[in-house]
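# Chain and residue survey
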Amino acid sequence: MPKMKTNRGAAKRFKATGSGKIKRNKAYSSHILTKKTTKRKRNLRKSDLIAHSDRRSVKRMLPYL
């Protein structure tokens, strides 16, 4: 059986943590920043874990993660 292909767009967006959870960056931080508060922009800098319901679909896109 041939090797499975990784979804390259997903590979650039997600990383695995040491315990096997999947890390992501938050959205809404690239433009139209003037109306967003400093606190909101600061919190958008931090990474987050993907939702439990999305885990299966991300694992399918990243078979070797």
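Preceding this paragraph is the structure being described.
Residues numbered from 1 in each chain as written. Predicted model: local features only at pLDDT ≥ 70, side-chain atom pairs only at ≥ 80, totals over all residues. Heavy atoms only, no water.

### A look at the overall build of the chain
Put simply, the rule reads: Where helices and strands are cited, they refer to DSSP runs of H or I of at least four residues and of E of at least two residues respectively, numbered from the N terminus. Three exposure classes are used, based on accessible area relative to the maximum for each residue type with a 1.4 Å probe and protein chains only: buried under 20%, partly exposed in between, and exposed over 50%. Surface accessibility follows the Shrake-Rupley procedure with a 1.4 Å probe radius. Residue values consider only the protein chains on display as shielding.
Helix and strand counts for the chain stand at 3 helices and 3 strands. If you list the helices and strands of the chain from N to C, you get α-β-β-α-β-α. Considered along the principal axes of its C-alpha atoms, the chain spans approximately 50 × 25 × 20 Å. Within the span of the chain, comprising 65 residues, buried residues form 14% of the whole. Looking at the chain as shown, the accessible area adds up to about 5,800 Å², and 53% of this sits on carbon and sulfur atoms.

### Here we look at the pattern of salt bridges
Stated precisely, the cut-off is as follows: Criterion for a salt bridge: a side-chain nitrogen of Lys or Arg within 4 Å of a carboxyl oxygen of Asp or Glu.
The tally for this structure, following the rule as stated, stands at 1 salt bridge. Across the salt bridge formed by Asp48 and Arg24, the nearest N and O atoms sit 3.1 Å from each other. With Asp48 in strand β3 (residues 47-49) and Arg24 in strand β2 (residues 22-25), this pair connects stretches of sequence that are 24 residues apart. The exposure class assigned to Asp48 is partly exposed, which follows from its relative accessible area of 32%.

### Comments concerning the sheet that holds β3
Pairing between sheet strands relies on hydrogen bonds along the backbone, with the strands arranged either parallel or antiparallel. Definition in use: By this definition, two strands are paired if DSSP reports at least two bridges between them.
Taken in spatial order, the 3 strands of this open sheet run β1-β2-β3, and their pairing is antiparallel. Strands with a single pairing partner mark the edges of an open sheet, and in this sheet they are β1 (15-16) and β3. Here 3 bridges tie β2 to β3, and the two strands are oriented antiparallel to one another. Bridge pairing links Asn25 to Ser47 in β3.

### Details of unusual backbone geometry
The backbone of Tyr28 shows a phi angle near 70°, a positive value even though the residue is not glycine. Along the chain, Tyr28 falls in the loop between β2 and α2 (38-45). Despite not being glycine, Ile32 shows a phi value in the positive range, around 55°. When you line up the elements, Ile32 lands in the loop between β2 and α2.

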